[in-house]
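Observations on the three-dimensional arrangement
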Amino acid sequence: MLRSPHIFSSRSCGCWRWKLQQYGEETLSRRSKIHFQCSSIKDERGISREARIREEVISPFRSLRLFLYPALMASATIAALTALPRLIAALANSPNATVENNASLGQVLEGLGIDVTAIVIFALLYRSDTKARDLQLAKLSREESLASLRVELGNKRVATLEQMRGSARFVIIAGPKSHVDQALELSLPFQEQLLERGVTLVPFVTPPAASTEESQSSSFQAQKSQAKDDDSAAAAAAARRWIVLPIYTSEWTKWLSEQKKIANIPEDKPVYLSLRMDGRVRGSGVGFPPWSALVAQLPPVSGMWRGALDGMDGRV
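Here is a short report on the structure shown in this document. Remember, it's a predicted structure, so these values are computed and weren't measured experimentally.

**Details of the overall build of the chain**
What the chain contains, in helices and strands, is 10 helices and seven strands. The 316 residues of the chain split such that 35% are buried. Across the chain, every contact between residues at least 6 apart in sequence was considered, and the portion connecting residues at least 24 apart equals 68%. Accessible area of the chain: about 19,300 Å², with a carbon and sulfur share of 59%.

This is the structure we're talking about:
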């Protein structure tokens, strides 16, 4: 039986490799879409599944406490209800009379007081833990909304902040163009040290200044002008990592407006946000980012301290 000599030729193998690669990219794309759709599913309170999973990771014993508190409250309530007939029987007799088990009126009142106190304590603990859980879920939900915002990287690729988790510590600077430009100028003396710590800037010009892509690109070009005199690959890579541009600015404006409203900050106030490696908000405030404090507090992302100090930045 004769076989075609071209079946296993390099050309046919290359064609099959291209088809397999294309199939793999399509499969990964479908998986990422499925993951995005699943992570964007929210309950009736607007909390996503990803936010609930992160809340359980951050506070692993809270679910156990929220189960134990009502159980202990129920136990104390049953004990208090059981003590009521004994209290009535003790009150029906003289003050020095005793009821079953030789318990006096004072002993019955003491046991009832302990049960009522336990009910109140466990109710307060349950309320406090529930309130802390709701606040943490709201914060994580806002961080998940922040993670869905998109930026344009230095190589013109578009990515969400969620896709950049574990690779960059973003510092978002939002305000009028003059404020953003001044913040970028103040960061220049710390640029090399911040790059060693994985810091990437996201300058976002807000109203009343023009918030078009052209105005943001001018800030980007002003920062990139440092690398024009140095044509090395390291300088070009550093320039691409140093600043990324926010796109779909209406989504960024909506998110920032919601955060300012929650924090009771006027709309015209410039703000900054510093994110951890895992995407959580590390710090925020009004005005300029504390560049010197970031250099002093953040561990490097490479070298002998890589991995050992990741916990200091909240990376999980």
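**Let's talk about the sheet that holds strand S2 (residues 158-160)**
Strand order in the open sheet formed by three strands is S2-S1-S5, and the pairing between neighbours is antiparallel. Single-partner strands in this sheet number two, and they are S2 and strand S5 (245-246). Strand direction decides the pairing type here: strand S1 (residues 150-152) and S2, joined by three bridges, are antiparallel. Paired with Val151 across the bridge in S2 is Ala159.

**With respect to the sheet that holds strand S3 (residues 169-175)**
Two modes of strand pairing occur in sheets, parallel and antiparallel, and in both the strands are linked by backbone hydrogen bonds. Strand order in the open sheet made by the four strands is S4-S3-S6-S7, with mixed pairing throughout. A strand with exactly one partner marks an edge of an open sheet, and here the two such strands are strand S4 (199-205) and strand S7 (281-286). On average, each strand axis in the sheet is inclined to that of its neighbour by 15 degrees, with strand direction left out of account. Strand direction decides the pairing type here: S3 and S4, joined by seven bridges, are parallel. Following the sheet pairing, Phe170 is matched in S4 by Thr200. With respect to the sheet, helix H9 (residues 249-262) is in contact with S3, S4 and strand S6 (271-275), its orientation differing from that of S4 by roughly 90 degrees.

**Let's talk about the environment of Thr249**
Inspection of the secondary structure assignment puts Thr249 in helix H9. Separated by 43 residues in sequence, Thr249 and Thr206 have C-alpha atoms that sit 9.0 Å apart.

**Thoughts on the pattern of salt bridges**
Here the structure, examined in full by the defined rule, presents nine salt bridges. Asp129 is the salt-bridge partner of Arg62, the closest N and O atoms lying 3.2 Å from each other. Of this pair, Arg62 sits in helix H3 (residues 62-92) while Asp129 sits in helix H4 (residues 105-147), and the two are 67 residues apart along the sequence. Arg62 gets classed as buried once you look at its relative accessible area, which sits at 10%. In this structure Asp129 comes out as buried when scored by relative accessible area, which is 9%. In this structure, the salt-bridge partner of Asp129 is Arg65, at a minimum N-O distance of 2.7 Å. Highlighted residues: Asp129 in helix H4 and Arg65 in helix H3, separated in sequence by 64 residues. Looking at Arg65, the relative accessible area reads 30%, which means it is partly exposed. Counted as one network, the salt bridges with shared partners bring together Arg62, Arg65 and Asp129.

**Quick notes on the packing of H3 against H4**
One way to put it is that H3 packs onto H4 with a least axis distance of 8 Å and a crossing angle of 155 degrees. Judged by the angle between their axes, H3 and H4 are roughly antiparallel. The crossing of H3 and H4 is left-handed. Residue classes in the contact of H3 with H4 are distributed as 24 nonpolar, three polar and six charged.

**What about the nonpolar core?**
With 21 residues, the main nonpolar core has Leu146, Phe170 and Trp252 as its most contacted residues. Apart from residues no more than four positions distant in its own chain, Phe170 is found in contact with Leu161, Met164, Thr200, Val202, Val244, Leu273, Ser274 and Leu275. Core analysis: the second largest hydrophobic core is formed by 17 residues, Val171, Val180, Leu195 and Leu201 among them.

**What to know about unusual backbone geometry**
Most of the time, phi is negative for any residue but glycine, and the peptide bond is trans. Not every positive phi belongs to a glycine, and Tyr248 is a case in point at roughly 55 degrees. When you line up the elements, Tyr248 lands in the loop between S5 and H9. Phi is positive for Asn264, close to 60 degrees, though the residue is something other than glycine. Note that Asn264 resides in the loop between H9 and S6. The class for Asn264 is exposed, based on a relative accessible area of 69%.

**As for the packing of aromatic side chains**
Taken as a whole and assessed by the stated rule, the structure comprises two aromatic pairs. Look at Phe204 and Trp252: their rings are 6.0 Å apart centre to centre, the planes differ by 35 degrees, and that puts the pair in the tilted class. On the criterion of sequence distance, the pair formed by Phe204 in strand S4 and Trp252 in helix H9 is long-range, its members being 48 residues apart. When the ring centre of Tyr248 is taken as origin, the NZ or CZ atom of Arg150, which lies over that ring, is 4.0 Å away.

Procedures and definitions
Residues numbered from 1 in each chain as written. Predicted model: local features only at pLDDT ≥ 70, side-chain atom pairs only at ≥ 80, totals over all residues. Heavy atoms only, no water. Helix = DSSP H or I, 4+ residues; strand = E, 2+ residues; numbered from the N terminus. Buried < 20%, exposed > 50% of the residue type's maximum accessible area, 1.4 Å probe, protein only. Contact = heavy atoms within 4.5 Å. Areas by Shrake-Rupley, 256 points an atom, 1.4 Å probe, with all protein chains shown as cover. Pairing = 2+ DSSP bridges. Axes fitted to C-alpha atoms, helices over the stretch in contact; angles between N-to-C directions. Salt bridge = Lys/Arg side-chain N within 4 Å of Asp/Glu carboxyl O. Parallel < 35°, antiparallel > 145°, perpendicular 65-115°, else oblique. Left-handed = near helix turned anticlockwise from the far one by under 90°. Nonpolar A, V, L, I, M, F, W, Y, C, P; charged D, E, K, R; others polar. Core = buried A, V, L, I, M, F, W, Y, C linked by side-chain atoms within 4.5 Å. Phe/Tyr/Trp six-rings, centres within 6.5 Å; stacked < 30°, edge-to-face > 60°. Lys NZ or Arg CZ within 6 Å of the ring centre and 35° of its normal.

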